[in-house]
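A look at the structure
Here is what each chain is made of, one letter per residue.
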Amino acid sequence: MVKTDHVEERLDPKLYILSISKFFKDLGTGILAFLIPLYIVQTHSIFAPEIPDIVKAGIVTTVFGLLNAFSQPFSGRLSDRLNKRKPFVIFGLAGFMVASVLYSHVSVFEHVVLLRAIQGITVGATVPAIVAMVTHFSTSGNRGRAIGIYSSMRGFGYGMGALVGGIVTTYYGFTAGFYLCALLGLISLLLVQFFVGETHNGHEKQTTTTTSQNNGRSAQFYSLAFAMFIIMVGIMIIFAFLPEYEVRLQASELSLSIAVSAYVISRVILQTPMGVLSDRYGRKKLILYGLFLNIPIVLGLGYVTRVEELIVLRALQGLCMASVETPVMALAVDLAGGTSISSRVSFITSAQAAGTAFGPLIGGFLGGYVSFTMPFYVCAIMMAFSLIIVMHQVSEPDTNVSVSHPD
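Residues numbered from 1 in each chain as written. Predicted model: local features only at pLDDT ≥ 70, side-chain atom pairs only at ≥ 80, totals over all residues. Heavy atoms only, no water.

Quick look at the overall build of the chain
So the rule is basically this: For helices the rule is a DSSP run of H or I covering at least 4 residues; for strands it is a run of E covering at least 2, with both sets numbered from the N terminus onward. Type-normalised accessible area, obtained with a 1.4 Å probe on protein chains alone, sets the label of each residue: buried when under 20%, exposed when over 50%, and partly exposed for intermediate values. We call two residues contacting when some pair of their heavy atoms lies within 4.5 Å. Computed with the Shrake-Rupley method and a 1.4 Å probe, the accessible areas treat only the protein chains shown as cover for residues. Charged residues are defined narrowly, with Lys and Arg counted positive, Asp and Glu counted negative, and His plus the chain ends left uncounted. For the purpose of locating charges, the reference atoms are NZ of Lys, CZ of Arg, CG of Asp and CD of Glu.
Looking only at helices and strands, the chain features 13 helices and zero strands. Of the regular secondary structure in the chain, the N- to C-terminal order runs α-α-α-α-α-α-α-α-α-α-α-α-α. By its C-alpha atoms, the chain is 60 × 45 × 35 Å across when sized along the principal axes. Looking at the chain as a whole, 56% of its 407 residues qualify as buried. Here the analysis covers contacts within the chain between residues at least 6 apart in sequence; of these, 88% occur between residues at least 24 apart. In the form shown here, the chain has an accessible surface area of approximately 17,200 Å², with 68% of it arising from carbon and sulfur atoms. Taken together, the 26 basic and 22 acidic charged side chains of the chain have centroids lying 6 Å from each other.

Quick look at the structure:
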């Protein structure tokens, strides 16, 4: 539905506190994503002493991503059943803190994997609850802007993680880096505990729905989740090709890091504007534009001849992600109608985490055993397929009503 009579609505101040809290925690998450693959070089394996470091790095990255994705639907449903959000956030942040400290006390690779698995579960427990809280601090008229602000803070924190982690580790060592992550988690926990109240399910519109209508809504959630999974695969796929890009493009590590960062910077800058546009002109239209534009971009990643081309394409992928992620989250909440928000949104966030985990694996497998360009074609075809699914299966509900704010 296109909105033509938009009136700017003030956002709840608690939204900004929650977003700042998420910034600190995701800064810690970004630091760990950078530190762990480097730290495992110093560890030894009990069960596979000869395992290559590159395989170790792939294992710890995938374990975290998969268990993060796996835990979200369960925590989302439990959060809705209990009609509580804050305990899940506090639990997840506490788990993040404890695991961060313990990394500096282990020297066995399998122990690092175990801690990474625990951290994936606890971090995943926070995601549906936090997104639900963000939506409870907004209305249908400003939800895209609210999710855009939250996503921008989250992306900015995670994007800075590698830089901060590199500086701290270079001058103070791994232990300081791990304790810094725990401190950031503590700051996030204290902000939520003392400045953000509990939220509960609201009701945007009291309606009686039939079984077929409920099934139709479920199909729309799955369609949005599939689109989110595919676009994340298309974005993360290049991480499997960084060594190959380094050789093919004769690129330095610095220029490749700029290409990786170009996506993060573009996405962070555009996330909130895209949320505002989705509030004013509709969610579905932006989602379709983002998916459509990303098709030639993904194909182009397989044919770049200069690192400058790679940087431009990655920046454009940031635009695509901003135009998909924020409207998808907002549309999922609109479709939920103010109830079961955590469990509904967990479909989307879980798919996003799964795409992050599987993107490099899909790219590495197809690129290593078939051809360099094959994964890009497969991803582009799947993205076109998801675009068609969203176009025909997803519709925007009437959202000229508001979610009730928490007391």
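Focus on helix 10 (residues 283-301)
Put simply, the rule is: Any helix carries an expected span of 1.5 Å times its number of residues minus one.
Taking 1.5 Å of rise per residue, the 19 residues of helix 10 would be expected to cover 27 Å, and the 27 Å separating its terminal C-alpha atoms lies within 8% of that figure. Among all positions of helix 10, only Arg283, Lys284, Leu286, Ile287, Leu288, Gly290, Leu291, Asn294, Ile295, Ile297, Val298 and Leu301 are buried.

With respect to the packing of aromatic side chains
Each aromatic ring pair is specified by the distance between its two centres and by the angle formed by the two planes. Which entries qualify depends on this criterion: Ring geometry is summarised as follows: Phe, Tyr and Trp rings, the Trp one being its six-membered ring, pair when their centres sit within 6.5 Å, and such pairs are stacked at plane angles under 30 degrees, edge-to-face over 60 and tilted between the two. We call a charge positioned above a ring when the Lys NZ or Arg CZ atom is no farther than 6 Å from the ring centre and deviates by at most 35 degrees from the ring normal.
In the structure shown here, the tally under the stated rule is 15 aromatic pairs. Taking the centre distance of 5.3 Å and the plane angle of 45° together, the rings of phenylalanine 365 and tyrosine 369 count as tilted. In this pair, phenylalanine 365 and tyrosine 369 are both assigned in helix 12 (residues 341-369), four residues apart and thus about one turn of the helix distant. On the basis of relative accessibility, which here comes to 52%, the residue phenylalanine 365 falls in the exposed class. In this structure an aromatic cluster arises from ring pairing among Tyr39, Tyr103, Phe174 and Phe178. Above the plane of the ring of phenylalanine 64 lies arginine 116, whose end atom (NZ or CZ) is 4.1 Å from the centre. In this structure, arginine 248 packs its charged tip against the face of phenylalanine 372, placed 3.8 Å from the ring centre.

Brief notes about helix 5 (residues 143-172)
Definition in use: What we call the bend at a residue is the angle made by axes fitted to the seven residues finishing there and the seven residues starting there.
Helix length check: helix 5, at 30 residues, gives a terminal C-alpha distance of 42 Å against a target of 44 Å (1.5 Å per residue), a fit within 8%. Along helix 5, the sharpest change in direction is near 35° and occurs at glycine 161. Positive backbone phi, approximately 95°, marks glycine 173, located one or two places after helix 5.

Things to note about a nonpolar patch on the surface
The following threshold applies: Like-charged residues are merged into a patch within 9 Å and nonpolar side chains (Val, Leu, Ile, Met, Phe, Trp, Tyr) within 5 Å, provided each residue has over 30% relative accessible area and no salt bridge. Any Lys or Arg side-chain nitrogen found within 4 Å of a carboxyl oxygen on Asp or Glu counts as a salt bridge.
Residues Tyr303, Phe365, Tyr369, Val370, Met374, Tyr377, Val378, Met382 and Phe385 make up a contiguous nonpolar surface patch of roughly 910 Å² in combined accessible area. Ranked by residues supplied to the nonpolar patch, first place goes to helix 13 (residues 374-393) with five residues. Here methionine 382 is to be found in helix 13.

Digging into the nonpolar core
Cut-off, in case you're wondering: In this description, a nonpolar core means a group of buried Ala, Val, Leu, Ile, Met, Phe, Trp, Tyr and Cys residues linked to one another through side-chain atoms lying within 4.5 Å.
In terms of nonpolar packing, the biggest core is built from 77 residues, with Tyr245 and Leu291 touching the most fellow members. Sorting elements by how many residues they give to this core places helix 11 (residues 307-336) first, with 14 residues. Counting 27 residues, the second largest nonpolar core, distinct from the first, contains Ile40, Val112, Val123 and Val168.

Details of the state of the cysteines
Cut-off, in case you're wondering: Put simply, a disulfide is two cysteine sulfurs that come within 2.5 Å.
Applying the stated rule across the entire model yields zero disulfides. Take cysteine 320: it sits in no disulfide, and the sulfur closest to it among the cysteines is that of cysteine 379, at 11 Å. Judged by relative accessible area, cysteine 320 falls into the buried class, the value being 1%.

What about the confidence of the model for the chain?
Segments scoring low in pLDDT should not have their predicted coordinates read at a detailed level. Put simply, the rule reads: Predictor confidence is given residue by residue as pLDDT, running from a minimum of 0 to a maximum of 100.
Chain-level pLDDT for the chain is 85 on average; 91% of the residues reach the 70-or-more range. Scored below 50 in pLDDT, residues 203-212 shows 17 contacts in the model against residues more than four places distant or in partner chains. Every residue in residues 400-407 scores below 50 in pLDDT, and together they form 26 contacts with partners more than four places removed in sequence or on other chains.

Focus on the packing of helix 1 (residues 13-39) against helix 6 (residues 174-195)
The cut-off we apply is this: Only the stretch in contact is used when fitting a helix axis, every axis being a line fitted to C-alpha atoms; angles between N-to-C directions are given from 0 to 180 degrees. Here the word oblique covers every angle except those under 35 degrees (roughly parallel), over 145 (roughly antiparallel) and from 65 to 115 (roughly perpendicular). What makes a crossing left-handed is the near helix being turned counterclockwise from the far one by less than a right angle; a clockwise turn instead makes it right-handed. Any residue outside Ala, Val, Leu, Ile, Met, Phe, Trp, Tyr, Cys, Pro, Asp, Glu, Lys and Arg is labelled polar, Gly included; the first ten of those are nonpolar and the last four are charged.
Contact pair helix 1 / helix 6: the axes reach a minimum separation of 9 Å and the direction vectors enclose 160°. Judged on the interaxial angle alone, helix 6 and helix 1 are roughly antiparallel. Of the two possible hands of crossing, helix 1 and helix 6 adopt the one that is left-handed. Split into classes, the residues belonging to the contact of helix 1 with helix 6 amount to 20 nonpolar, four polar and three charged.

What to know about the environment of valine 112
Locating valine 112 in the fold gives a position in helix 4 (residues 109-136). Of the residues examined, valine 112 reaches a relative accessible area of 0% and is grouped as buried. C-alpha separation for the pair valine 112 and isoleucine 36, spaced 76 residues apart in sequence, amounts to 8.4 Å. If sequence neighbours within four positions are ignored, valine 112 has contacts with Ile36, Tyr39, Ile40, Thr43, Val60, Tyr103 and Val106.

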